[in-house]
Amino acid sequence: MKRKTLLLCILSVIGLVLILKLSTTLFVEPWLKNRLETAFNEKNEKYRIKAGHIHLRLITSEIKLDSILLTNKVANDRKISGKVTGIRIQGINVFSLLFQKSIAIRKLSISEISIFGQLPHSEKKASPSIMPMNLRVGRIVLNKINFGLEEPALKKAYNLQSGALIMYDLKIEKSDTLSIRLLKRFDFKADGFQTLSKDSMYTYKLKGVDYKCKPGQLAVKEVVIHPNYSKKRFAELHRFATDRMDGRFSNIVAGGFSVEDIFKSNRLGSSGIEIDSLNLIVFRDNRKEKLHVVKPVFQQMMYLCPVSLNLDSIHVKNGDITYIERVPKANHEGSICFNQIHATLYHITNDALYKKEYKKRNASLILKGDALLMGKGRFNVLLDAKLY
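Everything quoted here is computed from the prediction, not taken from an experiment.

Caption draft 1: Here's a closer look at the overall build of the protein. Each helix and strand counted, the protein has six helices and 18 strands in total. For the protein, the proportion of its 388 residues judged to be buried stands at 32%. The long-range fraction of contacts in the protein, counting pairs at least 24 apart against all pairs at least 6 apart in sequence, stands at 62%. Looking at the protein as shown, the accessible area adds up to about 25300 Å², and 59% of this sits on carbon and sulfur atoms.

Caption draft 2: Examining the pairing of strand β8 (residues 156-172) more closely. Judged from the 13 bridges that link them, strand β7 (residues 134-151) and β8 form a sheet pairing that is antiparallel. Counted as the bridge partner of Ile-145 is Gly-163 from β8. Relative to strand β9 (residues 185-196), β8 is paired through 10 bridges, and the arrangement is antiparallel. What sits directly across from Tyr-158, in β9, is Thr-195.

Caption draft 3: The pattern of salt bridges, seen in detail. Scanning all chains against the criterion turns up 13 salt bridges. Salt-bridge contacts for Asp-243 lead to Arg-284; the nearest nitrogen and oxygen are separated by 2.8 Å. Here Arg-284 lies in strand β14 (residues 272-285) and Asp-243 lies in the loop between α3 (231-236) and β12 (244-255), a separation of 41 residues in the sequence. The exposure class assigned to Arg-284 is buried, which follows from its relative accessible area of 17%.

Caption draft 4: Quick peek at the nonpolar core. Counting 54 residues, the largest nonpolar core has Ile-87, Leu-108, Ile-110, Ile-140, Leu-142 and Ile-145 as the members making the most contacts within it. With seven residues, β7 is the largest single contributor of residues to this core. Filtering out sequence-adjacent residues up to four positions away, Leu-142 remains in contact with Ile-110, Ile-113, Gly-163, Ala-164, Leu-165 and Met-167.

Caption draft 5: Structural view of the environment of Ser-67. By the secondary structure assignment, Ser-67 is in the loop between β3 (62-65) and β4 (68-72). For Ser-67, a relative accessible area of 25% corresponds to the partly exposed category. Once you skip the residues sitting within four places of it in the chain, Ser-67 turns out to touch Lys-50, Ala-51, Gly-52, Val-84 and Thr-85.

Caption draft 6: A look at the side chain of Gln-90. Structurally, Gln-90 can be placed in strand β5 (residues 81-92). For Gln-90, a relative accessible area of 12% translates into the label buried. Leave out the neighbours within four places in its chain, and Gln-90 touches Ser-61, Glu-62, Ile-105, Arg-106, Lys-107 and Ser-109.

Caption draft 7: Structural detail: the side chain of Asp-187. If you trace the backbone, Asp-187 turns up in strand β9. At 6.5 Å, Lys-212 is the nearest oppositely charged side chain to Asp-187, a buried residue that forms no salt bridge. A distance of 2.9 Å separates the side chain of Asp-187 from the backbone nitrogen of Cys-213, its partner in a polar contact.

Caption draft 8: Here's a closer look at a nonpolar patch on the surface. Taken together, Ile-336, Leu-373 and Met-374 make up a surface patch of nonpolar side chains, about 230 Å² in accessible area. Take Ile-336: it is sitting in strand β16 (residues 334-349). For Ile-336, a relative accessible area of 33% corresponds to the partly exposed category.

Caption draft 9: Structural detail: unusual backbone geometry. With omega at 15°, the peptide bond leading from Lys-214 into Pro-215 counts as cis. Looking at the secondary structure, you find Pro-215 in the loop between β10 (202-212) and β11 (217-227). Residues other than glycine seldom take positive phi values, yet Ser-162 does so here, at roughly 50°. Even without being a glycine, Asn-266 presents a positive backbone phi close to 55°. Structurally, the position occupied by Asn-266 is in the loop between α4 (259-265) and β13 (267-270).

Caption draft 10: Structural context of the pairing of β12. Pairing geometry for β11 and β12, over eight bridges, is antiparallel. Paired with Ala-219 across the two strands is Val-253, which belongs to β12. Bridging between β12 and β14 involves 11 bridges; their strand directions are antiparallel. Residue Arg-248 lies in a different strand from β14, and its bridge partner there is Asn-279.

Caption draft 11: Structural view of the environment of Ile-366. Along the chain, Ile-366 turns up in strand β17 (residues 364-373). When near neighbours in sequence (up to four residues on either side) are disregarded, Ile-366 contacts Thr-344, Leu-345, Tyr-346, Leu-382, Leu-383 and Asp-384.

Caption draft 12: Quick look at the environment of Ile-115. Looking at the secondary structure, you find Ile-115 in strand β6 (residues 102-118). Overall, Ile-115 belongs to the partly exposed group, its relative accessible area being 32%. For the pair Ile-115 and Leu-149, spaced 34 residues apart in the sequence, the C-alpha separation amounts to 7.6 Å.

The rules behind these values
- Residues numbered from 1 in each chain as written.
- Predicted model: local features only at pLDDT ≥ 70, side-chain atom pairs only at ≥ 80, totals over all residues.
- Heavy atoms only, no water.
- Helix = DSSP H or I, 4+ residues; strand = E, 2+ residues; numbered from the N terminus.
- Buried < 20%, exposed > 50% of the residue type's maximum accessible area, 1.4 Å probe, protein only.
- Contact = heavy atoms within 4.5 Å.
- Areas by Shrake-Rupley, 256 points an atom, 1.4 Å probe, with all protein chains shown as cover.
- Pairing = 2+ DSSP bridges.
- Salt bridge = Lys/Arg side-chain N within 4 Å of Asp/Glu carboxyl O.
- Core = buried A, V, L, I, M, F, W, Y, C linked by side-chain atoms within 4.5 Å.
- Lys, Arg positive; Asp, Glu negative; His and termini not counted.
- Polar contact = N/O pair within 3.5 Å; in protein donor to acceptor, adjacent residues only side chain to side chain.
- Patch = residues over 30% accessible without salt bridge, like charges linked within 9 Å, V, L, I, M, F, W, Y side chains within 5 Å.

Interpretation note: all reported values are geometric properties and have no functional meaning in isolation.
In structure tokens form, the structure reads like this:
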């Protein structure tokens, strides 16, 4: 009798689980999919989403969404379109959701994010609150991020290839508005990032970016400053004689570096930056009219910088700098070059917090280095300039 009762209990539990699974698959999951699409599409005039299948795992408190496709409602519109191939939410705290009116998630994973198109230009408005209730996520993992975005009104463009972002301990209060300062700790990697300068004269490229919040290190395989116009066209586009720069910096490592400090307090600090190689070519067409202005010294440039700087040192292991000039009535360009540059710049700061301390120590901005002039004669440089 006891065996029959036990068997009946087991079969009842199995049957209940099967019924729950079947009802979830046939009714709950399709309802959630339709509800998600309807909630977004009815409130958004420009875009619509199409969601893939939703999978619920009630025992493990997990939700998985196969894909989300973002498209424009207006045909042939070049505004934003995007696709996400997988979303997985793990460790949903049901107690917090039901009784504390807050969302607590252990891990959120989003895979293969693709976003392309034009960003709409609009006047700045007060940002609305992000969430209807408090949100806490232990870890957010974004994999394989690719985007190509343009802002035609501001002549800006951004391109990211194969990025990965991990955010830790994200907390958003009900009253919070959308802000980059919400990011406290995160790691970031990308195969490449590309953008234009404000005047569209240059393309800036970063390759092999790797940032880790612990131990606080940023590594970039290559930074490229590429002029978008030839020497002749670049000069034609400027009324006055202007330097045209073509640069490449390889294997850059910044220790004691915190992106979070930049977001939170507008402070750029590092215990030391090393650059394996530097190659810079500067061209100036002096046949153009010259604009005579008093250029500030390096210290004044630091003081005017909108970011609070506190860099212990910048070390260049090997570099080449070439300056090329074209003057009136000359048949050819003239140039001067510095090769095999080894240099270190110490105490790069404009931080008012350290002003009294540096004055007391009589601290200086120091440049030490050596190079070959025109690839032949070696010379040494020692520059000592007061900071304040």
